[in-house]
Amino acid sequence: MHDQLGGGFHRYSVDEYWFVPHFEKMLYDQAQLVISYLEAFQITRDETLSRAARRTLDYVIRDMTAPGGGFYSAEDADSASDPARPNDKSEGAFYIWSYKEVVELLGEERARLFARRYGMEPDGNVDNDPHHEFTGRNILFQAQSVEDLAEAERILFEARAQRPRPHLDDKILTSWNGLMISAFAKAAAILDVPAYADAARRAADFLLNTMQRKDGTLLRRYRDGDAAIPGMLDDYAFFTQGLLDLYEATFEFRWLGSAMYITG
């Protein structure tokens, strides 16, 4: 379910082998998975787990963060495979590859190594394809460990960035942002990455300035300059927890004070 090139996790599997994802990416999944990976890393000290957390957080900063600091809700599963036909969309088009594309980008030798690492086949590697959306294409997965392929991954990532992107659900939800603030705050403390604390601060400031009324009550959603809908229990619970986690990560008392004001 992991995006091998860009980081982050797709929403769920559509087959019993956890191989074919529903390619949508949801903010709340990223937040909760990061926290799980961080806790597993603390127990095991396995750097594979911390790397998954870092790549997910870096994806959220890069692709899911609004200019004001809040976090967007989701990226769709469907996108156009041809820029000339933007309305002709299919599942996972942004993420899947033909073997020929990879050879053209990397050359035969490096493509062979890349294919071995990520389980690619010349005729495609998707057997469970009831809608025939993946014919001749490959879903990247960690098939085996091989030589360092960072440069090959960068080349494919940059090539993928030229494709039509999936639609961005640019709502900013207080509850989901609270979860993501917790994830960034915990990562800042556990992984000692100040940039993650900065991301949490910016999002917290955005919510406090935009989604909080003068009496301390919260609003639920923001989009295109409009904050609306009275906050619900999950908005208060998750945002308060995010503020407490941010306080514990930074020891800046304003976050503790804001949490107390919201819940007071």
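In the block above lies the structure referred to throughout.
This write-up is about the structure you can find in this document. Predicted model, so just to flag it, every value in this text is computed and none were measured.

The next subject is the side chain of aspartate 3. Position of aspartate 3 relative to the elements: it lies in the segment before strand 1 (12-13). Residue aspartate 3 is classed as buried on the basis of its relative accessible area of 4%. Once residues within four sequence positions are removed from consideration, aspartate 3 is found in contact with Gly8, His10, Lys25, Arg55, Tyr95 and Arg160.

Let us now look at the environment of asparagine 177. With respect to the element layout, asparagine 177 can be found in helix 6 (residues 174-191). Asparagine 177 gets classed as buried once you look at its relative accessible area, which sits at 0%. Residues in contact with asparagine 177, not counting those within four places in the same chain, are Leu27, Gly70, Phe71, Ile172, Ala203 and Leu207.

Once the charged atoms of two side chains with opposite charge are near each other, the side chains can pair. Inspection of the entire model under this criterion finds 21 salt bridges. Between aspartate 245 and lysine 186 there is a salt bridge, and its shortest N-O distance comes to 3.9 Å. Linking aspartate 245 in helix 8 (residues 233-250) with lysine 186 in helix 6, this pair joins segments that are 59 residues apart in sequence. Look at aspartate 245 and you get buried, because its relative accessible area is 8%. Between glutamate 252 and arginine 201 there is a salt bridge, with its nearest N and O atoms 2.8 Å apart. Taken together, the positions of glutamate 252 in the loop between helix 8 and helix 9 (253-263) and arginine 201 in helix 7 (residues 194-210) put the pair 51 residues apart, joining distant regions of the chain. For glutamate 252, a relative accessible area of 24% puts it in the partly exposed group. Linked by salt bridges that have partners in common, Arg62, Asp63, Glu75 and Arg165 make up one network.

Successive residues of a regular strand alternate their side chains across the two faces of the sheet. Where strand 9 (residues 219-223) and strand 10 (residues 226-230) come together, 4 bridges link them in antiparallel fashion. Across the sheet, the residue bridging to arginine 223 is aspartate 226, located in strand 10. Between the antiparallel neighbours strand 9 and strand 10 lie 2 residues, among them aspartate 224 with a positive phi of about 55 degrees.

Here the focus is the sheet that holds strand 10. Hydrogen bonds between backbone groups are what pair the strands of a sheet, and the pairing can be parallel or antiparallel. Here we have 3 strands laid out as an open sheet, ordered 8-9-10, and antiparallel in their pairing. Whereas interior strands pair on both sides, the edge strands pair on one side only; in this sheet they are strand 8 (172-173) and strand 10.

Bringing unusual backbone geometry into the picture now. Notably, aspartate 192 is not glycine yet its phi reads approximately 55 degrees, a positive angle. Mapped onto the fold, aspartate 192 is located in the loop between helix 6 and helix 7. Aspartate 192 gets classed as exposed once you look at its relative accessible area, which sits at 64%. In this model, isoleucine 229 sits at a positive phi of 70 degrees, which is unusual for a non-glycine residue. Position of isoleucine 229 among the secondary structure elements: in strand 10. For isoleucine 229, a relative accessible area of 40% translates into the label partly exposed.

Conventions and cut-offs
Residues numbered from 1 in each chain as written. Predicted model: local features only at pLDDT ≥ 70, side-chain atom pairs only at ≥ 80, totals over all residues. Heavy atoms only, no water. Helix = DSSP H or I, 4+ residues; strand = E, 2+ residues; numbered from the N terminus. Buried < 20%, exposed > 50% of the residue type's maximum accessible area, 1.4 Å probe, protein only. Contact = heavy atoms within 4.5 Å. Salt bridge = Lys/Arg side-chain N within 4 Å of Asp/Glu carboxyl O. Pairing = 2+ DSSP bridges.

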